[in-house]
Amino acid sequence: MENIYGYLMKYTNLVTGWQYRFFVLNNDAGLLEYFVNEQSRHLKPRGTLQLAGAVISPSDEDSHTFTVNAASGEQYKLRATDAKERQHWVSRLQICTQHHTEAIGKNNPPLKSRSFSLASQGSANSPGVQRRPSQNAVSFFNVGHHRLPTGKRVPIMQPDHLVDVREMMSQAEGQQRDLIRSIECLPVSGHLTSLDQDLLMLKATSMATMNCLNDCFHILQLQHASQQKGSLPAGTTISWLEPKISLANHFKNGAAQNFPAEINKPASVREEQSIAEPCQLTREPEEINPDEELEDTCDDKEDDLGAVEEQRSVILHLLSQLKLGMDLTRVVLPTFILEKRSLLEMYADFMSHPDLFIAITNGTTPEERMIRFVEYYLTSFHEGRKGAIAKKPYNPIIGETFHCSWRMPKSDVATDAGSNFSAHSPSEQVTLSKDTEGQTDLDYYTVKFVAEQVSHHPPVSGFYAECVERKMCVNAHVWTKSKFLGMSIGVTMIGEGLLSLLEHGEEYTFSLPCAYARSILTVPWVELGGKVNINCVKTGYSASINFHTKPFYGGKLHRVTGEVKQNVTNTVVCRVQGEWNSVLEFTYSNGETKYVDLTKLSVTRKRVRPLEKQGPFESRRLWQHVTESLRDGDIDKATEHKRALEERQRNEERLRAETETPWCTKYFLKEGDGWVYHKPLWKAVSAAQTQQMDTN
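Residues numbered from 1 in each chain as written. Predicted model: local features only at pLDDT ≥ 70, side-chain atom pairs only at ≥ 80, totals over all residues. Heavy atoms only, no water.

Note the cut-off: UniProt positions are given in the numbering used here, feature names are shortened, and annotations may be inferred rather than shown by experiment.
For the protein chain, an unreviewed UniProt entry supplies the name Oxysterol-binding protein and the organism Bubo bubo. The record held by UniProt for the protein chain lists under Subunit (unreviewed entry) the comment "Heterodimer with OSBPL9." Quoted verbatim from the Catalytic activity (unreviewed entry) field of UniProt, the annotation for the protein chain is "a 1,2-diacyl-sn-glycero-3-phospho-(1D-myo-inositol 4-phosphate)(out) + a 1,2-diacyl-sn-glycero-3-phospho-L-serine(in) = a 1,2-diacyl-sn-glycero-3-phospho-(1D-myo-inositol 4-phosphate)(in) + a 1,2-diacyl-sn-glycero-3-phospho-L-serine(out)".

In structure tokens form, the structure reads like this:
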């Protein structure tokens, strides 16, 4: 391949900023070189990067920037003149990098089997600990090579050989654990420490290798099961290789990890593992009585950075195993980065301003109702975050549910002159259910919420909220898709929501923005990004909202802009700008301006049932031991409880696969590509109106 060259902007530092430099890609040598200008090309390069093992990644900041991360740790941040030129450079760099990386792999073939023994350890001054400057950390390990005789073919693995493979795998896992312990027992200071970059990489690659081997072994077992399916006696199940090695086994640096027998496990862990298969429990929907729910007193703010600071080496360890663009759905993340709540409960916290939600239907015109919905939508994200530190909620277990409600005094809900909803015509006064009988004299509205994890792969959640008195409800399904973006993690919220205002016969469709966890090696923080649309077909009003991510240099954080317009006339009736977690400014077509300070908005606490009244698969009861351990700061214990839940879910999933038993959801039904609550309010209203018409 021919060499390519040209001018690119290179970011140097905060003082000098971006500077034009002349770059040359030397394909033969696998080098990226740069010079002050083209005229100095015959001189010694100002800088050189070895591309073998490098990572070339387009930036998510804009369409011009990209980075070259060398295996040595050196990084070039570059910017092309436009997106087309960036793509040209990125493509050629990636091809060159792949070629030279594969060449190194061919010259250094993978070992057939390895045996590791750590050199004798002693004081920091002993010869076993000291190393020369040119000595690599890997040289402290004795690596034995075992190659097959030339010309011999490996016989095809027969099903009955799986027992031998399992025994070999167990031995390999034991050796791998010994290797990890040996590394972690090294001193934290001196010439060779447990945080040595080479040793961290060795830990990461050994763990990744064992995970790959376990995955392959599982595939062999599945093939064996499918081949023998016709001859297996009834009730026979495959004995799976458990536990599968996870990152959680090694999160505590310097502490030897053991695998105690079942009898030594805490009772709470044994309980988590022994909960019956969900489909064997009742899957009949449960009607939650709001009177059993009590005002929530839990206030778990996530402002503590201590655990993240203490576990910096663990984060580096995790990052060493990730690739840019990798889907994080199946990656086991360390426990200390978790929030003390489930993702299902996080969706409920988006409803913490029920007064704004109920006030939507009180708008006197379609225009006003659309604007009120936009106002509610933009104020929901601030309370959905628990503190400034970016932490991750628990991944819901399939079949997990969360229930809560809010009581909103009627006097606190905004109304308009002439919007006296008690003066509807008799035909609109329909009784929806027995639950609402006798509530006409209450001085508050009730908003009920239910969420369910309806799918594990892909991870899809369904949630539904309704206010029966105001004949309004919202139904949504969300597939959270996470990707590793270098020094940040991106979460795409795939799905759609539907708000129904039954008093007006209007439906509003909406989507959700992407979320990003930034600066994951320092102080992680969250920002939202992307464009979302809200649309009402009946009225012809729509809204377009842009969540702006912060540019690399300059710019504001958490900025949002948007506009509401009438599609038929293409007239903008409202514009909004500001920060989604601070102050929003609404400018209306009549010239009026309204400011909403989200930090001063009153938050209505949700009402939840006490733990003793919750079902075994309700979020707070399901995760109670993990949450308690996190509150106590016991990361090891929290990890153990979390692993027990995850292992149980994997075992149940395998059992369903063996028996070809489909998963049965409890509250949501699959309709097309989405999920819909089994008893939505619009069905109840339609049935009640039909019955009333028949009676008349």
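1. Topic: the packing of aromatic side chains
The line we're drawing: Each aromatic pair joins two rings of Phe, Tyr and Trp (for Trp, the six-membered one) with centres within 6.5 Å, and gets the label stacked for planes under 30 degrees apart, edge-to-face for over 60, and tilted for any other angle. Numbering of helices and strands runs from the N terminus; a helix is a DSSP stretch of H or I covering at least four residues, while a strand is a stretch of E covering at least two. Think of it in three bands: with a 1.4 Å probe and only protein chains considered, a residue is buried below 20% of the maximum accessible area for its type, exposed above 50%, and partly exposed in between.
On inspection of all chains with the given rule, the structure shows 21 aromatic pairs. Pairing F381 with F547 gives two aromatic rings, centres 5.5 Å apart and planes at 80°, and the pair type is edge-to-face. A residue pair is termed long-range when its members are at least 10 positions apart, and F381 in helix 9 (residues 366-384) and F547 in strand 19 (residues 541-548) qualify at 166 residues. Given a relative accessible area of 3%, F547 falls into the buried group. On the numbers, 5.7 Å between centres and 65° between planes, the contact of F668 with Y677 is edge-to-face. Residue F668 is classed as buried on the basis of its relative accessible area of 0%.

2. Topic: the packing of helix 11 (residues 624-631) against helix 12 (residues 635-659)
Worth spelling out the cut-off: Angles run from 0 to 180 degrees between N-to-C directions of axes, and those axes are lines fitted to C-alpha atoms, restricted for helices to the stretch in contact. Comment on the angle field: the value is read as roughly parallel under 35 degrees, roughly antiparallel over 145, roughly perpendicular from 65 to 115, and oblique elsewhere. Throughout, a crossing is termed right-handed when the near helix is turned clockwise from the far one, and left-handed when it is turned anticlockwise from it by less than a right angle. We call two residues in contact whenever any of their non-hydrogen atoms come within 4.5 Å of each other. The nonpolar class holds Ala, Val, Leu, Ile, Met, Phe, Trp, Tyr, Cys and Pro. Asp, Glu, Lys and Arg form the charged class, and all remaining residues, Gly among them, are polar.
In the contact formed by helix 11 and helix 12, the axes pass within 8 Å of each other and the chain directions differ by 165°. One way to sum up the angle between helix 11 and helix 12 is to call them roughly antiparallel. Crossing handedness for the pair helix 11 and helix 12: left-handed. Contacts from H625, V626, S629 and L630 of helix 11 reach helix 12 at I635, K637, A638, H641, K642 and L645. Taken together, the residues that form the contact of helix 11 with helix 12 break down as five nonpolar, three polar and two charged.

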